[in-house]
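Overview (structure and organization)
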Amino acid sequence: MRAVFVDANATLGAVAQRLHRAEDMPLQVNVQPDITSEQLPALLGDAEIAIVDHTHLPTDIAKACKGLKHVVFLGTGARSYMNPEELATLGIEVHIIKGYGDTAVAECAFALMWAAAKGFARMDRGMRAGQWLRTDGVQLTGKTVGLIGYGGIAAEMARLCRGAGMTVQAWNRSPKTAEGVTFTDLDTVLATSDVLSVHLLLNDETRGFLGADKLAKVKDGAILINTARGAVVDEAAMIAALASGKLAHAGLDVFDIEPMPAGHPLTQVENVTLSAHSAFRTPEASDNLFEAALQHCRRIEGK
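Summary of the structure given here. Because the structure is a prediction, the values reported are computed rather than measured. (Residues numbered from 1 in each chain as written. Predicted model: local features only at pLDDT ≥ 70, side-chain atom pairs only at ≥ 80, totals over all residues. Heavy atoms only, no water.)

**A look at the nonpolar core**
Our working rule: What we call a nonpolar core is a set of buried Ala, Val, Leu, Ile, Met, Phe, Trp, Tyr and Cys residues that are connected through their side-chain atoms within 4.5 Å. Accessibility here uses a 1.4 Å probe with only protein chains present; expressed as a share of the type maximum, an area under 20% marks a residue as buried, one over 50% as exposed, and anything in between as partly exposed. A run of DSSP states H or I qualifies as a helix once it reaches four residues; a run of E qualifies as a strand once it reaches two. Both are numbered from the N-terminal end. Here, residues are in contact when the closest pair of their heavy atoms is within 4.5 Å.
One finds Phe5, Leu27, Ile51, Leu74, Met113, Leu147 and Phe290 to be the most contacted residues of the largest nonpolar core, which totals 52 residues. Among the elements that make up this core, the one with the highest residue count is helix 5 (residues 102-118) (10 residues). With residues up to four places along the chain from it excluded, the contact list for Phe290 reads Phe5, Val15, Ala16, Leu19, Leu27, Ile51 and Leu74. With 30 residues, the next largest nonpolar core counts Phe209, Val232, Leu247 and Leu266 among its residues.

**Quick look at the packing of helix 5 against helix 7 (residues 152-163)**
Basically, it comes down to this: Here, axes are lines fitted to C-alpha atoms. For helices the fit covers the stretch in contact, and angles between N-to-C directions go from 0 to 180 degrees. Any angle that falls under 35 degrees is termed roughly parallel, while one over 145 is termed roughly antiparallel, one within 65 to 115 roughly perpendicular, and all others oblique. We call a crossing left-handed when the near helix sits turned anticlockwise from the far one by less than a right angle, and right-handed when that turn is clockwise.
As a packed pair, helix 5 and helix 7 sit with axes 8 Å apart at the nearest point and diverge in direction by 50 degrees. As summarised for this structure, helix 5 and helix 7 are arranged oblique, according to the angle between their axes. Along this stretch, helix 5 crosses helix 7, giving a crossing that reads as right-handed. Facing helix 5, whose interface residues are Asp102, Thr103, Val105, Ala106, Glu107, Ala109, Phe110 and Met113, helix 7 presents Gly152, Ile153, Glu156, Met157, Arg159, Leu160 and Cys161.

**Quick word on the packing of aromatic side chains**
Heads up, the condition is: What counts as a ring pair is set by centres within 6.5 Å for rings of Phe, Tyr and Trp (its six-membered ring), and what kind of pair is set by the plane angle: stacked under 30 degrees, edge-to-face over 60, tilted for all other angles. A ring is scored as having a charge over it whenever the NZ atom of a lysine or the CZ atom of an arginine sits within 6 Å of its centre and within 35 degrees of its normal.
Under the criterion given, the structure shown has five aromatic pairs. Centre to centre, the rings of Tyr150 and Phe183 are 5.1 Å apart; their planes meet at 75 degrees, and the pair counts as edge-to-face. You can see Tyr150 sitting in the loop between strand 6 (144-148) and helix 7 and its partner Phe183 sitting in strand 8 (residues 181-183), a full 33 residues away along the chain. When the ring centre of Phe209 is taken as origin, the NZ or CZ atom of Lys214, which lies over that ring, is 4.5 Å away.

Any functional reading would require information beyond the geometric quantities listed.
Printed below as a string of C-alpha cells:
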C-alpha cells in the first residue's frame, strides 16, 4: 500500500517526514498547499490512501482516483471538504482525527475571548493608523461563559475559564456532566451568558445552527467566540447582531469561506477580532495530528 499527503504546507510536511517510520508504508509528501482538486487524480495515481489537510475532494474527482480506498482527513471537519456518504458508495472510507488539538484550540478561544473583551484588535488598528483609540474593556472575572456543545475542546475551555474566575455553563445535544460546569437548556445558555463559545461539529443538523432566531435570544451585549466551524453560525445574522449591538463583539477563527476573500463583509466590521483558522497550529498539536494520521495508515495496512 502507498499513501500520499496531498497538500502539505512546509510545517506539516516536515512533521510528516520526521514522524514517518522506516517500517511504515511508503509515504509521498507533496508540499503544495495550493494544489487544486483537479490535480489530485494525477498526484495520487494508484495510491490507496490520501492524507488531506484542506483540499476539497468532490465525489466526481474521487471517481477519477482509481486506486483510492481511504481518505485520512487531518481534523474533524471532513464534511466541509468532501461528502463521506457519497465517497462510501465508491468504496472510499473517510477517517477523521479527534482530540489532537483540544488544548491548542481552547487556548485560541480563550485568547479571542480576552481580546474581544478588552478591544485589543481595534486599538491596535487605530494606533497603527496614528489614532490614540482608547476603548472600555469588559472585566471577565465573575462573568458567565456559555459553551454551546461540550466535547474535548469545550472541556479545556471550561478549565481555562474556571481558572480565570468565570462561571461556566453549557448546553450539549446529549446529556453530560463535568466538575464545575452547570449543564442547562440552550435558551438559558443564550439568555444568561456574557460570553458564548461555540464548540459544535458541523453536520446537516448544525449547519446554520446559531441563526437569527437564536441570536435574538442572546443576552444584550454578549461576546461570541467561534473556533468550531464557520457554517455553524449564520454569518449574515451574526453581522446584523454585531451592527445592532445585540452582540458587543465576536472573536472568530473560522468562516463560511476559507481563505476569507478580500473585501469580505466581516473585514468591514469594527467589533470583530479575526484569526485565520489557526487555532490548532501549534507544534504540539501538529505532532499529535500527524502521528494520529500515521496510526490510521498503520491500522489500514494491518487489516
